[in-house]
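The chain contents come next:
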Amino acid sequence: MFIDTHAHLGYESYDEDRELVIQRAIEADVSAIITIGTDVESSREAVGLANKYATVFAAVGIHPTDCAATTEADLEAIKELTADENVVAIGEIGLDYYHMRAPKDKQHHICARQIQLAQELNLPLIIHNRDSHEDMYNLLSELDAGRTGGVMHSFTGDLDYLHTILELDLHISFTGNITFKKSDANDLVTAAPLERLLLETDSPFLTPVPLRGKRNEPAFVVHTARKIAELKNIPVEEIESVTTANAVSLFKLDI
Ligand code: NI
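Here is a short report on the structure shown in this document. All values derive from a computational prediction rather than experimental measurement.

## Notes on the overall build of the protein chain
Part 1: When its secondary structure is counted, the protein chain shows 9 helices and 8 strands.
Part 2: The C-alpha atoms of the protein chain give 17 Å as radius of gyration, which agrees with the globular expectation for 255 residues (18 Å, within 12%).
Part 3: Dimensions of the protein chain along its principal axes, counting C-alpha atoms only, are 45 × 40 × 30 Å.
Part 4: Here the protein chain holds 255 residues, and 58% of them are scored as buried.
Part 5: Pairs at least 24 apart in sequence give 73% of the contacts found in the protein chain among residues at least 6 apart.
Part 6: When the accessible area of the protein chain is evaluated, it comes to approximately 11000 Å², of which 48% is carbon and sulfur surface.
Part 7: Distance from the positive charge centre (21 side chains) to the negative charge centre (42 side chains) of the protein chain: 4 Å.

## Description of the pairing of strand β4 (residues 87-96)
Part 1: Within β4, 10 of the 10 residues are buried, which leaves the element mostly enclosed by the surrounding structure.
Part 2: In this sheet, β4 lies alongside strand β3 (residues 56-60) in parallel orientation, the contact comprising 3 bridges. Among the inter-strand pairings, V60 is bridged to a residue of β4, identified as I90.
Part 3: As paired elements, β4 and strand β5 (residues 125-130) share 5 bridges and run parallel to each other. Bridging from a neighbouring strand, G94 pairs with H128 of β5.

## Things to note about the environment of L166
Part 1: Tracing the backbone shows L166 in helix α6 (residues 159-167).
Part 2: Taking relative accessible area as the criterion, L166 reaches 10% and is therefore assigned buried.
Part 3: Expressed as a C-alpha distance, the spacing of L166 and L123, which sit 43 residues apart in the sequence, is 18 Å.

## What to know about helix α2 (residues 40-52)
Part 1: Here α2 spans 19 Å end to end across 13 residues, near enough to the 18 Å set by a 1.5 Å rise per residue.
Part 2: Where α2 is concerned, the buried positions are V40, S42, S43, A46, V47, L49 and A50.
Part 3: Here the buried face of α2 lies against α1 (18-27), β2 (30-36), β3, α3 (72-81) and β4.
Part 4: Its side-chain oxygen at 3.3 Å from the backbone nitrogen of E41, D39 defines the N-terminal cap of α2.

## Notes on the nonpolar core
Nonpolar side chains tend to gather and get buried jointly when the protein is soluble and globular.
Part 1: With 68 residues, the main nonpolar core has L140 and M152 as its most contacted residues.
Part 2: Per-element tally for this core: the top contributor is helix α4 (residues 104-121), with 6 residues.
Part 3: The contacts of M152, once residues within four sequence positions are left out, are I127, N129, M136, L140, Y161, I165, L170, H171, I172 and S173.
Part 4: Of all hydrophobic cores here, the second largest spans 15 residues; its members include I34, A59, L250 and L253.

## Concerning the coordination of the nickel ion
Part 1: Taken together, the protein donors to the nickel ion comprise H6 (NE2), H8 (NE2), E92 (OE) and D202 (OD), at separations of 2.1 to 2.5 Å.
Part 2: Bound by 4 donor atoms, the nickel ion shows angles of 86 to 177° at the metal and therefore irregular coordination geometry.
Part 3: Donor residues binding the nickel ion come from one chain and are separated in sequence as H-x1-H-x83-E-x109-D. Taken together, the positions of H8 in the loop between β1 (2-7) and α1 and E92 in strand β4 put the pair 84 residues apart, joining distant regions of the chain.
Part 4: For E92, a relative accessible area of 3% corresponds to the buried category.

## Quick notes on the environment of A50
Part 1: Turning to its location among the elements, A50 is positioned in helix α2.
Part 2: With 34 residues separating them along the chain, A50 and D84 place their C-alpha atoms 9.5 Å apart.
Part 3: If near-sequence neighbours (up to four positions away) are discounted, A50 is found in contact with V56, F57, A58 and N86.

## Here we look at the sheet that holds β1
Two modes of strand pairing occur in sheets, parallel and antiparallel, and in both the strands are linked by backbone hydrogen bonds.
Part 1: Strand order across the open sheet formed by 8 strands is β1-β2-β3-β4-β5-β6-β7-β8, with parallel pairing between neighbours. In the strand order of this sheet, the two ends are held by β1 and β8 (197-199), each with one partner. Sheet twist, expressed as the average angle between the axes of neighbouring strands with direction ignored, equals 30°.
Part 2: Alignment of β5 against strand β6 (residues 150-152), held across 3 bridges, turns out to be parallel. What sits directly across from I127, in β6, is M152.
Part 3: Packed onto the sheet, α2 meets β2, β3 and β4 and runs at close to 160° relative to β3.

## So, the packing of aromatic side chains
Part 1: Going through the model one piece at a time under the given rule, you end up with 3 aromatic pairs.
Part 2: Seen in terms of ring centroids, Y11 and F205 are 5.3 Å apart; in terms of plane orientation they differ by 90°. Their pairing is edge-to-face. On the criterion of sequence distance, the pair formed by Y11 in the loop between β1 and α1 and F205 in the loop between β8 and α8 (221-232) is long-range, its members being 194 residues apart.
Part 3: Through pairs of rings, three or more aromatic residues link up here, namely F155, Y161 and F174.

Quick notes on the rules
Residues numbered from 1 in each chain as written. Predicted model: local features only at pLDDT ≥ 70, side-chain atom pairs only at ≥ 80, totals over all residues. Heavy atoms only, no water. Helix = DSSP H or I, 4+ residues; strand = E, 2+ residues; numbered from the N terminus. Rg over C-alpha atoms; globule rule 2.2 N^0.38 Å. Buried < 20%, exposed > 50% of the residue type's maximum accessible area, 1.4 Å probe, protein only. Contact = heavy atoms within 4.5 Å. Areas by Shrake-Rupley, 256 points an atom, 1.4 Å probe, with all protein chains shown as cover. Lys, Arg positive; Asp, Glu negative; His and termini not counted. Charge placed at Lys NZ, Arg CZ, Asp CG, Glu CD. Pairing = 2+ DSSP bridges. Expected span 1.5 Å × (residues − 1). Polar contact = N/O pair within 3.5 Å; in protein donor to acceptor, adjacent residues only side chain to side chain. Core = buried A, V, L, I, M, F, W, Y, C linked by side-chain atoms within 4.5 Å. Donors = N, O, S within 2.8 Å, 3.2 Å for Na, K, Ca; no water. Tetrahedral: all angles 85-135°; square planar, octahedral: opposite > 155°, others 65-115°. Axes fitted to C-alpha atoms, helices over the stretch in contact; angles between N-to-C directions. Phe/Tyr/Trp six-rings, centres within 6.5 Å; stacked < 30°, edge-to-face > 60°.

These values are about where atoms sit, not about what they do.
Structure (structure tokens):
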């Protein structure tokens, strides 16, 4: 069985067929999906989906591109949502200097507060980092973010960066973009140790080859698993079993 550790099932692109998408994932042997919140409303939706579907779990948090107007009350609302037993992580949180929809100091503050919340609640982190490598590393390091575990989702950076992140005791996941012809992630995938790897789709985005151009969904995670197996030159069954065990252990999934 596979686990898709990062999907946004609340997106409106699934409004017409959400139930079928979850059903197709089960048929494709994707036995668990973590659906991710990016603000209070989508986090609440994620918890709702996790309560409705047995194979769905939720992560709650405020994304750096959605944090410009985040208040103390919003952070409190995220904390309250974690009381639900289907919430398995704080995320996605982080820094994003590519879109830059909030000033850097606001992004830092909201990210730091949520790392502290994860530590208070002993929950792992799901981290988004876009064009903010150095500051992201410094923040994670200063707050000892690896203490409760977590994953650098849709990992980007060079080999040195990969190693510094691994030293923080964090996991790594790659999306369907590693299957793209122009992907420059081959060395990263090869170098990322199996015992720290997770699978994810980031659905509805980043659809893997050969389905590129279509809306992404959790059932497609197998294509990314195959690409990782090919690059590491090991059977896909090994990627499947190790990444599933990693996800179960990191997120304490009851499956
Ligand atoms: Ni995401």
